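In case you want the letters, here they are:
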Amino acid sequence: MPPHRPAPQPPERGAVDVLIDRTLRLRGDVDAVRRDAVLIDEDDPQLRWQRALCELAVHHLDDLGTHLGQLKEGLPPGDADQLAEEAEPAQERPFDEPRPGSLLSRVGSAEWNLLTDEVSWSEELFQIFGRSPQAGPLSLDELPSVLFPEDQALLTSLVTACLVDGKTIDGEFRILRADGRMRTLHMMGEPVLDPDGCTASMWGVLRDVSELRRSQRVVSRTRESIRRQQHIAQTERRMAVELQETVLPPWRGSLRLPHQGPGALDVAAHYLPSDSSALIGGDWYDALELPDGRTLLTVGDLTGHGIPATTAMAMLLGALRGMAVAGIEPGALMGHLNQLLQSSAQPALGSAVCCRFDPATGTLAWSQAGHPAPLLFRNGAGRPLPPPDGVLLGAASGVAYDQDEVHLLPGDVLVLHTDGLTRRSDQGAGPEALLDLAPRFAEARTAQECVRTVVEEFGGTERLDDACVLVARIGA
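Residues numbered from 1 in each chain as written. Predicted model: local features only at pLDDT ≥ 70, side-chain atom pairs only at ≥ 80, totals over all residues. Heavy atoms only, no water.

Bringing the sheet that holds strand 5 (residues 199–208) into the picture now. As summarised here, the arrangement of the five strands in space is 2-1-5-4-3, forming an open sheet in which the pairing is antiparallel. The sheet terminates laterally at strand 2 (119–121) and strand 3 (169–176), the two strands that pair on one side only. Here the strands of the sheet are splayed against their neighbours by 25° on average, with no regard to which way each runs. Across nine bridges, the pairing between strand 4 (residues 182–193) and strand 5 is antiparallel. Across the sheet, the residue bridging to Gly 189 is Gly 204, located in strand 5. Relative to the sheet, helix 6 (residues 149–165) contacts strand 3, strand 4 and strand 5, its axis offset from that of strand 3 by approximately 145°. (Pairing = 2+ DSSP bridges. Helix = DSSP H or I, 4+ residues; strand = E, 2+ residues; numbered from the N terminus. Axes fitted to C-alpha atoms, helices over the stretch in contact; angles between N-to-C directions. Contact = heavy atoms within 4.5 Å.)

Evaluation of the coordinates by the stated rule reveals zero disulfides. Of all cysteine sulfurs in the structure, the one in Cys 354 sits closest to Cys 355, which takes part in no disulfide; the separation is 6.7 Å. (Disulfide = S-S within 2.5 Å.)

Time to look at the pattern of salt bridges. Here the idea is simple: oppositely charged side chains can pair when their charged atoms come close. What the rule picks out here adds up to 16 salt bridges. Between Asp 179 and Arg 181 there is a salt bridge; the shortest N-O distance is 3.5 Å. As a salt-bridge pair, Glu 329 and Arg 356 come within 2.7 Å of each other at their nearest N and O atoms. Of this pair, Glu 329 sits in the loop between helix 8 (306–325) and helix 9 (330–342) while Arg 356 sits in strand 10 (residues 350–358), placing them 27 residues apart in sequence. Given a relative accessible area of 11%, Arg 356 falls into the buried group. Salt bridges sharing common partners tie together Glu 150, Asp 151 and Arg 174. (Salt bridge = Lys/Arg side-chain N within 4 Å of Asp/Glu carboxyl O. Buried < 20%, exposed > 50% of the residue type's maximum accessible area, 1.4 Å probe, protein only.)

Mapped onto the secondary structure, Asp 412 falls in the loop between strand 14 (404–407) and strand 15 (413–417). For Asp 412, the side chain forms a polar contact with the side chain of Arg 378, separated by 2.6 Å. There is a polar contact of 2.7 Å between the side chain of Asp 412 and the backbone nitrogen of Leu 409. Excluding residues within four positions of it along the chain, Asp 412 makes contact with Leu 376, Phe 377, Arg 378, Ala 472, Arg 473 and Ile 474. (Polar contact = N/O pair within 3.5 Å; in protein donor to acceptor, adjacent residues only side chain to side chain.)

Let's shift gears to the environment of Met 239. Looking at the secondary structure, you find Met 239 in helix 7 (residues 210–247). For Met 239, a relative accessible area of 43% translates into the label partly exposed. Between the C-alpha atom of Met 239 and that of Ile 307, which follows or precedes it by 68 residues, the distance is 7.0 Å.

This paragraph deals with the sheet that holds strand 11 (residues 363–369). Taken in spatial order, the five strands of this open sheet run 8-9-10-11-14, and their pairing is antiparallel. Edge positions in the sheet fall to strand 8 (284–289) and strand 14, since each has one partner strand and no second. Taken over all neighbouring pairs, the strand axes of this sheet differ in orientation by 15° on average, direction set aside. Where strand 9 (residues 295–302) meets strand 10, eight bridges bridge the pair, whose relative direction is antiparallel. Its bridge partner being in strand 10, Leu 302 is matched across the sheet by Gly 350. Lying on the sheet, helix 8 is in contact with strand 8 and strand 9; it crosses strand 8 at an angle near 20°.

This part takes up the packing of helix 8 against helix 9. In the contact formed by helix 8 and helix 9, the axes pass within 10 Å of each other and the chain directions differ by 150°. The two elements helix 8 and helix 9 cross, and the hand of that crossing is right-handed. Of the residues in helix 9, those touching helix 8 at Met 315, Leu 316, Ala 319, Leu 320, Met 323 and Ala 324 are Leu 333, His 336, Leu 337, Leu 340 and Leu 341. Its residues assigned to classes, the contact of helix 8 with helix 9 shows ten nonpolar, one polar and no charged. (Left-handed = near helix turned anticlockwise from the far one by under 90°. Nonpolar A, V, L, I, M, F, W, Y, C, P; charged D, E, K, R; others polar.)

By the element assignment, Asp 208 lies in strand 5. Side-chain polar atoms of Asp 208 contact the side chain of Ser 210, separated by 2.6 Å. When near neighbours in sequence (up to four residues on either side) are disregarded, Asp 208 contacts Arg 106, Ile 128, Arg 183, Thr 184 and Leu 185.

What follows concerns the nonpolar core. Residues Leu 297, Leu 364, Leu 414, Leu 416 and Leu 470 are the most contacted members of the largest nonpolar core, which totals 25 residues. Among the secondary structure elements, those contributing two or more residues to this core are strand 7 (265–272), strand 8, strand 9, strand 10, strand 11, strand 15 and strand 16 (467–474). Residues within four places of Leu 297 in sequence aside, it is in contact with Leu 265, Val 267, Asp 286, Ala 287, Val 353, Cys 354, Cys 355, Leu 414, Leu 416, Leu 470 and Ala 472. Within the second largest apolar cluster, 23 residues are counted, among which are Trp 112, Leu 125, Leu 138 and Leu 155. (Core = buried A, V, L, I, M, F, W, Y, C linked by side-chain atoms within 4.5 Å.)

Phi at Asp 117 takes a positive value of approximately 60°, unusual for a residue other than glycine. Looking at the secondary structure, you find Asp 117 in the loop between strand 1 (107–113) and strand 2. On the basis of relative accessibility, which here comes to 64%, the residue Asp 117 falls in the exposed class.

Turning our attention to helix 9. Spanning 13 residues, helix 9 covers 18 Å between terminal C-alpha atoms, matching the ideal 18 Å at 1.5 Å per step. Among the residues of helix 9, those classed as buried are Pro 330, Gly 331, Leu 333, Met 334, Leu 337, Asn 338 and Leu 341. End-on view of helix 9: buried residues confined to an arc of 155°, all on one side of the axis. Tucked inside the fold, the buried residues of helix 9 contact strand 9, helix 8, strand 10 and strand 11. (Expected span 1.5 Å × (residues − 1). Arc of directions from axis to C-beta.)

Right, dumping it as structure tokens:
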């Protein structure tokens, strides 16, 4: 038993009132947050977790307010008379149901006298157990009969340790009430010794923590759901990155084409991931020397993110390469890509630009499908090429894509990009920001220097989507 200590003095009523007022105000603030956390998307584990935490906090504050109220009220001398006066209206509701909004019924007390076999339960404890006071309280021998079978051994162990070894009781168990309801109770108790130091009785406080444990389980489940979703998202991102790295050109940065001299292409490209999405998009770029000596230049973007987008991108880019090697013109090639996307198992929309450059004549034949036009920089100034007609890939069936040609001169710089490059959170969409780089492109000696300039300008800003940029510089 603990050493004798001076009996603690009851707190001043003013101090308890201040604590109660603070608790009520804090409870109101938390409840307001809970009401604001309306579940717009029932499948969003983050919102469910936030609401569950709010409910758990409300339960804790309700319990704190209940205990402070009991501390303030105490047990006045006229309590028995007051209970008698309230007996008649109390009969209007079932004995096992608390008053609406009442939390006092969640805590009850009991004492088991080992010398007289008398048992006394508080009214609240009868309500917790769903037991009529006329039926009487349960003895220590009868108490395990209302517990779940798997919890009976725990209660027996706790009671035995209290009565024999003088240990305090602190444990939880589940009961099954006569109405079929299951409740979870937390019991704290200690032995009461007689003058000879022998155990005369056992006193305990039982608290119904069913709602509290339910809220904790909801918090735990939603936390695990979030962790699983995060793990799935990380796995999907890793797979998408690996697939993207497999599909995109094996060269990184600058591509050296065999043909050298005047009119030869110096090509460089770069992929910029999104700052606002953790998933990989369906952007691509490619440059490929064709069997006839001409060069394929292409960039594109598919809607969506993650594995579906990268898988569709892999299919489309593979088909594009195959048709370009087979000698199909850019306009007809776009029509075939549109038909392929329309007939795929996972329909999607995409935009693309496909160029074929002939170094012998300096002619660039190109076609586009709802994509930003290539930007041509010449003599320190830049402009977008007038786009031939072409709708988004996958938007309509049986459409034709026009093709246009432009003559490129030595020293020209051609910039192909996806729209995510210029669609940023700090400024509107459009190629104007890229066109402003014309003086710096004029000073660059290689395509890689031009790409580095683009990355310096756009790499540190928040982009709303993934982006690709490909720069082709005509050798002087």
